[in-house]
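Each chain, written out:
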Amino acid sequence: MLMKENYDVIVIGGGSMGLATAYHLAQRKTKTLVLERFSFLNQKGSSAGVSRQFRIPYPETYMVKMVLNAIPFWRELQTHTSARLLDTVGTLWFGDPKVKSSEGNIGEAEKALKANKVKFTTLDARQIEQQYHFKDLPDNFTGLFQADGASIDLKATLETLLKSNQNSGDVTLKEDSPVTGIRQIGKLFEVSTSQGVYVSEKLVMAPGPYVDEVTRFLGFSTEVIYWNMTSMYFKKTDPKINYPTWFVFQDPVGPSGNEFYGFPEVSWDHPGYIRVAPDFVMKPLTDPSQRTSIPNQDEVEYTCAWVKKHMSGLHPKPYFESTCFVALSQDQNKELIIDFAPDSVPNHRNVVIYATGWAGKFVPFLGKILSDLALDGKTKYDISHFRLGDKIFSSLR
Ligand code: BEZ
């Protein structure tokens, strides 16, 4: 007969959010189990790929505040590793000032930065070309440069969190453990995997794009869309040229979303190359099983054409391509969803859910928030904008 193991909190999902949550639970001496369906540090979910953007510009003042609040948590995590987690090179947002994209609008971001007293500089099209190596930009383009933007070494971030959890006497980590069932017995949740049965009063669900495969056991699903996101690596032909982290705002052209973002060369991810990616997908997926490591070739072509026309010092053909996989809320601005399970679930406030959103820049901070919600049922940080459960959770019963 299988023995049942008891924990204070079970975290479902061992990607960046799950590991960061366990890290903060361990700081509060909480007996924690992390269940990962694949292996730790896998490339199958939203933690795939090795770099992310840390940026302060957002069109909403509360999002700017969220990033500012995340900074001390990055500093704290940094003390646990000699790897540099944030390579601070600045963020350049540029493009058509009229465009309101999925990431917002340049003018609105300037207002939100000012409201939070964050310093930035503004640029016109020619200054962007002269200072940041872009070329052939339309005359009406404007830009803002914010110096605290950084490339995040996501791989080192995950490794640091994993190692700290492995060294903690409070955290048990189990991989190859997809959840096969969740039963509620009174106040307890009994979580089954092929390897065992685990019991706790509190659950944190942070399974990334596999969210619905877990929530269904509690009788609800999430209204999300799945993006298989493309990335391309271009060889630097001019070693002196380096880019900041950047994002370009442009109206869609035909089937192309026409928005792109990129990174400078970073030491931990294909040195000698720089990564550029489209911030749109041509064909959203309907199910996580459709995830593929082969990028959509139309997205690749649109990105290559933009790089060739507007970037200097790069070979025009990508040498490597990769993908990462995210679930995004159907809410256009694709923000984070942090909430308790819907009240159709008995003891729903003992189930904390993190689902969707571009959250790489928040990893250690969200770990703190999710762990506070699990242990205290509340957090001192303002998450009111992310409590979207009633909009995106739908009952399966
Ligand atoms: C972000 O910083 O949230 C982000 C950057 C590039 C593409 C998508 C999101």
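Scroll up a little and you will see the structure.
These remarks concern the structure in this document. Keep in mind that this is a model prediction, so the values were computed, not measured.

### Considering the overall build of the protein chain
If you tally the helices and strands in the protein chain, you get nine helices and 23 strands. Reported as C-alpha extents along the three principal axes, the dimensions of the protein chain are approximately 70 × 40 × 40 Å. Buried positions account for 60% of the 397 residues belonging to the protein chain. Partitioning the intrachain contacts of the protein chain with sequence separation of at least 6 by distance along the chain shows that 73% fall at a separation of at least 24.

### Quick look at the pairing of strand β6 (residues 91-95)
Looking along a regular strand, one sees side chains alternate from face to face of the sheet. Within β6, five of the five residues are buried, which leaves it mostly tucked inside the rest of the structure. Judged by which residues are buried, β6 turns out to be covered on both faces: Thr 91, Trp 93 and Gly 95 on one side and Leu 92 and Phe 94 on the other are all buried. Of the strand pairs in this sheet, β6 and strand β8 (residues 142-146) are connected by five bridges, and their pairing is antiparallel. Looking across to β8, one finds that Thr 91 is bridged to Gln 146. In terms of strand pairing, β6 meets strand β17 (residues 245-249) through five bridges, oriented parallel.

### Considerations on the sheet that holds strand β5 (residues 86-88)
If you walk across this open sheet you meet the three strands as β4-β9-β5, and the pairing is antiparallel. Each of the sheet's edge strands pairs with one partner strand only, and the pair in question is β4 (51-54) and β5. The sheet shows a mean angle of 30° between the axes of neighbouring strands, direction not considered. Sheet topology places β4 next to strand β9 (residues 150-153); four bridges connect them, and they run antiparallel. Its bridge partner being in β9, Arg 52 is matched across the sheet by Ile 152. Its contacts with the sheet put helix α2 (residues 61-78) on β4, β5 and β9, and the angle it makes with β4 is roughly 130°. Strands β4 and β9 of the sheet are contacted by helix α5 (residues 154-167), whose axis makes an angle of about 45° with β9.

### With respect to the nonpolar core
The biggest cluster of nonpolar side chains holds 74 residues, and the ones touching the most others in it are Phe 54, Ile 338, Phe 362, Leu 366 and Ile 369. It is α2 that provides the largest number of residues to this core, a total of nine residues. For this core, the domains that each give at least three residues are domain 1 (4-47 + 155-221 + 332-395) and domain 2 (83-152 + 225-329). Other than its neighbours up to four places away in sequence, Leu 366 contacts Met 17, Met 66, Leu 336, Ile 338, Tyr 354 and Ala 359.

What counts, and where the lines are drawn
- Residues numbered from 1 in each chain as written.
- Predicted model: local features only at pLDDT ≥ 70, side-chain atom pairs only at ≥ 80, totals over all residues.
- Heavy atoms only, no water.
- Helix = DSSP H or I, 4+ residues; strand = E, 2+ residues; numbered from the N terminus.
- Buried < 20%, exposed > 50% of the residue type's maximum accessible area, 1.4 Å probe, protein only.
- Contact = heavy atoms within 4.5 Å.
- Pairing = 2+ DSSP bridges.
- Axes fitted to C-alpha atoms, helices over the stretch in contact; angles between N-to-C directions.
- Core = buried A, V, L, I, M, F, W, Y, C linked by side-chain atoms within 4.5 Å.
- Domains from an automatic or database assignment.

So yeah, pure geometry; function would need other evidence.
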